[in-house]
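# Notes for the structure review
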Amino acid sequence: MLCLFSFSVCGCTFSSCLYADVVSLFYDGNMTNSIYFDPDSGAQKAHDVGETRLRATHPLYRDLAEAAQNIPVSAHCFTMAKPGGSVCNLDCVYCFYLEKEKLYPERQRDWRMNDDTLSRYIAQQIDAQQGDEVVFSWQGGEPTLLGVVFYQRAFELQQQYVANKSVSIINTFQTNGINIDETWALLFKEHQVLVGISIDGPQHLHDAYRVKRNGEPTFEKVMAAISILKHHGVPFNTLTVVHDLNGEHPEAVYEFLVSIGSNFLQFIPLIERVATSEEGGLTLVQPDVPNADVTNWSVGERQFGDFLCRMFDVWVARDVGKVFVQMFDSTLASHLGYPATLCSHAAQCGSNFAIEANGDVYACDHYVYPEHFLGTIYEDTLTSIKESVANRAFGLAKSANLAKKCVVCRWRFACHGGCPKHRFKFDDDSQNEYHYLCASYAMYFAHTSLKMAQMVSLISRGKPPFLVMK
């Protein structure tokens, strides 16, 4: 079976698997213990709406407003919930989200999503979907810091709001694994939570950047978490950030992940730029900020392509139908004429929101900047935000602002210019930026095209794609 799936950390959506059958699959310091949430505690402060904030102030929302009115409203919306905001028990060198605490200085004393916000979010997420499936994606920061009781309450509210509705609930949970114990495993098992574990490969590669606030390594704790999940029969997938170090060792990373029992692999290229001067208090900046340099820990412009090609060669020779790699599945979907299952390579963005602990909604997990604030579940609803011209303009911007080289590229059908967050390269023939990893993607799509075509041929003749290994 070859799975077409998408899950997310960077705005990716959860989707179904395509093969002979269609089945549902899943694919992410100062605080070392879980902080338990009590919905009845008087310490939980009510949300203070305060003065209405300006929404969607980036120029793209103005420039594309008229055209966006003709874009159909999505039947669904995906929300990446961050009930603890950017609060985390790790201090990963490369983390782009930790500094988001600067946007919410009050979080130092009141950082948890309260019961009122949780209740509104769950009700609105259910109401915003047109279909029989609703996905809740819990991320962070580190979502386990809210404690088991918080999620017991969340699951209870979900069932209350879907009572008398023909709707199924799916919960996904991306964690660094540090706090996972028997209690967490039993919770995941009981509620069939789809768990993603963040791990960057073998110990020396994982511990290079994924460390605690005191600098201690985390590999052994992550492996202990995986052992607990296995013991309780909780399925898990892995999320691996590809950076300058592990990007040199694709075969070792792949073999390691498969050896620990991960059959569903997601690889996220690390690309961050640091401003030469602070932009709104943030140092890791948007693509249209000119005065910024790519960080030393980011994967190289061609390095990611080499990483994917070498990994693909191992996978296509041995593991098709046994191990499911998100990037490979998304590419095959595109070759089959289906939409890409990885949001980075979808034709358009939009309706993939990030919701902060206080109910603020941003256009995307990678666009939690004041200019991309779309509303709040206290003054708006997820449905109204989904239907808004601003949301549709954000989605349209991906295709409307393609560089000329992308418009005529032979791989446009599978690439679509990549994630707009990482379009900051210029050439002399276009007023629009192109993707930092353009050379990598071109290398990867060319390298895999023959085997992709062979799998498409097999599928078209009613045969399983794993026969490509013969």
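Just so it is clear, the structure is predicted and the values come from calculations on it, not from any experiment.

When its secondary structure is counted, the protein shows 15 helices and 17 strands. Out of the 470 residues belonging to the protein, those deemed buried represent 58%.

With that out of the way, let us pick up helix α12 (residues 389-400). The element α12 is largely enclosed, with a buried count of nine among its 12 residues. For α12, every residue scored as buried is listed here: Ala390, Asn391, Arg392, Ala393, Phe394, Gly395, Leu396, Ala397 and Lys398. Of the surrounding secondary structure, the elements contacted by the buried residues of α12 are α1 (59-63), α2 (65-68), β13 (352-355), β15 (373-376), α11 (382-387) and β16 (423-425).

The contact between helix α8 (residues 250-259) and helix α9 (residues 303-318) brings their axes to 8 Å, and the two run at 45°. Of the possible angle classes, the one that applies to α8 and α9 is oblique. Judged by the twist between their axes, the crossing of α8 over α9 is right-handed. Touching Pro250, Glu251, Val253, Tyr254 and Glu255 of α8 are Phe307, Arg310, Met311, Val314, Trp315 and Arg318, all from α9. Partitioned by chemical class, the residues of the contact of α8 with α9 number seven nonpolar, no polar and four charged.

Looking now at the confidence of the model for the protein. Residues of the protein with pLDDT of at least 70 account for 86%, and the chain-wide mean is 87. Note on residues 1-50: pLDDT is under 50 here. Beyond four places in sequence and across chains, it has 178 contacts.

What follows covers the packing of helix α4 (residues 148-162) against helix α5 (residues 182-190). Running from amino to carboxyl end, α4 crosses α5 at an angle of 10°, the nearest separation of the two axes being 11 Å. When the interaxial angle is binned, α4 and α5 end up roughly parallel. Seen from α4, the contacting residues are Val148, Tyr151, Gln152 and Phe155; seen from α5, they are Thr183, Trp184 and Leu187. Each residue belonging to the contact of α4 with α5 can be placed in one class, and the counts come to five nonpolar, two polar and no charged.

Next up on the list: the pattern of salt bridges. Going through the model one piece at a time under the given rule, you end up with 17 salt bridges. As a salt-bridge pair, Asp127 and Lys165 come within 3.4 Å of each other at their nearest N and O atoms. Remark: Lys165 occurs in the loop between α4 and β5 (168-175) and Asp127 occurs in helix α3 (residues 115-127); sequence separation between them is 38 residues. When its relative accessible area of 52% is taken as the criterion, Asp127 is described as exposed. Lys165 sits in the partly exposed class, given a relative accessible area of 40%. Put simply, Glu255, Arg318, Asp319 and Lys322 are held in one network by salt bridges that share partners.

With that out of the way, let us pick up the sheet that holds strand β7 (residues 236-242). One open sheet accounts for 10 strands, arranged β12-β8-β7-β6-β5-β4-β3-β13-β14-β15; its pairing is mixed. Of all strands in the sheet, those bounded by a partner on one side alone are β12 (324-325) and β15. As paired elements, strand β6 (residues 194-198) and β7 share four bridges and run parallel to each other. From the neighbouring strand, Gly196 faces β7, where its bridge partner is Asn237.

By the definition in use, this model includes 28 aromatic pairs. Both rings, one in Phe267 and one in Phe307, keep their centres 5.7 Å apart while their planes meet at 65°; by these two values the pair is edge-to-face. Separated by 40 residues along the polypeptide, Phe267 in strand β8 (residues 264-269) and Phe307 in helix α9 bring together distant segments of the chain. In terms of burial, Phe267 and Phe307 fall into one category: buried.

In this structure, Tyr254 sits in helix α8. Sequence-wise, Tyr254 and Val314 are 60 residues apart; in three dimensions their C-alpha atoms are separated by 8.6 Å. Dropping the residues within four chain positions of it, Tyr254 is found in contact with Leu265, Met311, Val314, Trp315, Arg318, Asp319, Val323 and Val325.

This part is about the pairing of β5. The buried fraction of β5 is high, at seven of eight residues. The handedness of the strand β4 (residues 133-138) to β5 crossover, carried by α4, is right-handed. With four bridges joining them, β5 and β6 adopt parallel strand pairing. Pairing of Thr175 across the sheet is with Ile197, part of β6. This β-α-β element, β5 to α5 to β6, shows right-handed connectivity.

As a general feature of sheets, a regular strand has side chains that alternate between the two faces. Among the seven residues in β7, seven count as buried, and that is most of the element. Burial along β7 is two-sided: Phe236, Thr238, Thr240 and Val242 facing one way and Asn237, Leu239 and Val241 facing the other are all buried. Across five bridges, β7 lies against β8 in parallel orientation. Bridge assignment links Val241 to a residue of β8, and that residue is Ile268. Handedness of the crossover joining β7 and β8 through α8 is recorded here as right-handed.

So, on to the side chain of Ser351. Here Ser351 shows up in the loop between α10 (326-335) and β13. Not counting the four nearest positions on each side in its chain, Ser351 is found in contact with Ser74, His76, Cys77, Phe78, Lys386 and Asn391.

This paragraph deals with unusual backbone geometry. Cis geometry is found at the peptide bond from Gly140 to Gly141, where omega equals 15°. Within the chain, Asn164 stands out as a residue other than glycine whose phi angle is a positive 70°. Since its relative accessible area comes to 86%, Asn164 is described here as exposed. Its identity is not glycine, yet His416 carries a phi of approximately 55°, on the positive side. On the secondary structure map, His416 appears in the loop between α14 (412-415) and β16. Judged by relative accessible area, which is 19%, His416 ranks as buried.

The rules we used
- Think of each chain on its own: its residues are numbered from 1, step by step along the sequence as written.
- Two thresholds apply to this predicted model, a pLDDT of at least 70 for residue-level local features and 80 or more for giving and counting side-chain atom pairs, whereas whole-chain, interface and lining totals are computed over all residues.
- Side-chain numbers come from the whole structure's heavy atoms, not from hydrogens or water.
- Runs of E in the DSSP output that reach at least two residues are strands. Runs of H or I that reach at least four are helices, and both are numbered from the N terminus.
- Only protein chains enter the area calculation, which uses a 1.4 Å probe; residues under 20% of their type maximum are buried, those over 50% are exposed, and those in between are partly exposed.
- In what follows, residue pairs with any heavy atoms lying within 4.5 Å of each other are defined as contacts.
- Here an angle of 0 to 180 degrees is reported between the N-to-C directions of two axes, which are lines fitted to C-alpha atoms, with helices fitted over the stretch in contact.
- Any angle between 65 and 115 degrees counts as roughly perpendicular, while under 35 counts as roughly parallel, over 145 as roughly antiparallel, and the rest as oblique.
- Each crossing gets its handedness from the near helix: less than a right angle anticlockwise from the far helix is left-handed, clockwise is right-handed.
- Each residue gets one label: Ala, Val, Leu, Ile, Met, Phe, Trp, Tyr, Cys and Pro are nonpolar, Asp, Glu, Lys and Arg are charged, and the others, such as Gly, are polar.
- How sure the predictor is of each residue is captured by pLDDT, a score from 0 to 100.
- Whenever Lys or Arg places a side-chain nitrogen within 4 Å of a carboxyl oxygen from Asp or Glu, that contact is recorded as a salt bridge.
- The criterion for strand pairing is that DSSP finds at least two bridges linking the strands in question.
- Two rings belonging to Phe, Tyr or Trp (six-membered ring only in the last case) form a pair when the distance between their centres is within 6.5 Å. Interplanar angles under 30 degrees mark stacking, angles over 60 mark edge-to-face geometry, and anything in between is tilted.
- A right-handed crossover is one whose linking path, passing over the helix from the first strand to the second, runs clockwise when the strands point away from the viewer.

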